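Structure assessment
Residue strings, one per chain:
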Amino acid sequence: MSKQFIRYAAILGALSVALGAFGAHALKKLVEADVVATFETGVRYQFYHTFALLAIGILYRRMPTKIMEWAGILFISGIVLFSGSLYLLTYLNATETVGLKGVGAITPLGGLCFIAGWICLFIQSLKPSVHHQKSKAPDA
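Thresholds applied
Residues numbered from 1 in each chain as written. Predicted model: local features only at pLDDT ≥ 70, side-chain atom pairs only at ≥ 80, totals over all residues. Heavy atoms only, no water. Phe/Tyr/Trp six-rings, centres within 6.5 Å; stacked < 30°, edge-to-face > 60°. Helix = DSSP H or I, 4+ residues; strand = E, 2+ residues; numbered from the N terminus. Buried < 20%, exposed > 50% of the residue type's maximum accessible area, 1.4 Å probe, protein only. Polar contact = N/O pair within 3.5 Å; in protein donor to acceptor, adjacent residues only side chain to side chain. Contact = heavy atoms within 4.5 Å. Salt bridge = Lys/Arg side-chain N within 4 Å of Asp/Glu carboxyl O. Axes fitted to C-alpha atoms, helices over the stretch in contact; angles between N-to-C directions. Parallel < 35°, antiparallel > 145°, perpendicular 65-115°, else oblique. Left-handed = near helix turned anticlockwise from the far one by under 90°. Nonpolar A, V, L, I, M, F, W, Y, C, P; charged D, E, K, R; others polar. Core = buried A, V, L, I, M, F, W, Y, C linked by side-chain atoms within 4.5 Å.

With that settled, consider the packing of aromatic side chains. Counting across every chain of the model gives nine aromatic pairs. Judged by centre distance (5.6 Å) and plane angle (55°), the rings of Phe 82 and Phe 114 are tilted. Pair noted here: Phe 82 is in helix 3 (residues 66-94) and Phe 114 is in helix 4 (residues 107-126), with a separation of 32 residues, a long-range link. When its relative accessible area of 12% is taken as the criterion, Phe 82 is described as buried. By the ring-pair criterion, three or more aromatic residues cluster together here, those being Tyr 45, Tyr 48, Phe 82 and Phe 114.

Pasting the structure below:
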C-alpha cells in the first residue's frame, strides 16, 4: 500500500503542477476572475493533500495499519470529490453548460474526506509505536 500511495501522490502532484500552470495562463483568457479563483482553490487543496498522501505513503512503511490506509484513501477521495468538483464547475462555467450547477454540492463531501483523513492520521499518532526491526543473523 505504501508504494501505491506514493505512486498516486506522484501522479496527483504532477497533475497539480499542470493544472496550476493551465489556471495561471490559459484559463484566465476563458473565464472570469472568480471562476479562476475557484479553480485555483481546487489546485491548492489538491497540492496540499498530495503532500499529505506522500507522507502517508512514507509513514505507512513504519505503521502499516488500517487507519493509515484509510487516511490515504480519504485523501485520494477528497482530492477527487473536492478538487474534481471545482474543476468540473470551472469547465461547466467555461462552456456555459446549464443544468449541472448542482455538482457544487459534491465539494463539501470532499472536504469531509480531507478532514476524516487528517483525523485518521491524528488517531494513528495516539497509538503506541511498534518498531519492526529485521532480525540480525548471528555473527559466524
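We now examine the side chain of Ser 85. With respect to the helices and strands, Ser 85 occurs in helix 3. The class of Ser 85 is buried, set by a relative accessible area of 3%. A polar contact is formed between the side chain of Ser 85 and the backbone oxygen of Leu 81, at a distance of 2.8 Å. If we ignore the near neighbours within four places in the chain, the residues touching Ser 85 are Val 80, Val 103, Ile 106 and Thr 107.

Here we take up the environment of Val 43. Structurally, Val 43 can be placed in helix 2 (residues 33-60). Residue classification places Val 43 among the buried positions, given a relative accessible area of 10%. For the pair Val 43 and Gly 20, spaced 23 residues apart in the sequence, the C-alpha separation amounts to 6.1 Å.

All right, on to the pattern of salt bridges then. Within this structure, the stated rule accounts for one salt bridge. Between Glu 69 and Lys 66 there is a salt bridge; the shortest N-O distance is 3.7 Å. Taken together, the residues Glu 69 and Lys 66, both in helix 3 and three residues apart, mark about one turn of the helix.

Here helix 3 crosses helix 4 at 160°, and the two axes come no closer than 7 Å. Classed by the angle they form, the pair helix 3 and helix 4 counts as roughly antiparallel. Relative to helix 4, helix 3 is oriented so that their crossing is left-handed. Its residues placed into classes, the contact of helix 3 with helix 4 shows 18 nonpolar, eight polar and no charged.

In this section: the nonpolar core. Counting 18 residues, the largest nonpolar core has Phe 5, Leu 53, Ile 56, Phe 75 and Phe 114 as its most contacted members. Put simply, the parts of the chain that give this core at least two residues each are helix 1 (2-25), helix 2, helix 3 and helix 4. The element that contributes the greatest number of residues to this core is helix 3, accounting for eight residues. Not counting residues up to four positions away in its chain, the partners in contact with Phe 114 are Tyr 45, His 49, Leu 74, Phe 75, Gly 78, Ile 79 and Phe 82. Ranked by size, the runner-up nonpolar core spans eight residues in total, among them Leu 19, Leu 27, Val 31 and Val 43.

Our focus in this paragraph is the environment of Leu 15. Structurally, Leu 15 is set in helix 1. Given a relative accessible area of 40%, Leu 15 falls into the partly exposed group. Through-space distance from the C-alpha of Leu 15 to that of Phe 47 is 9.0 Å; in sequence the pair is 32 residues apart.

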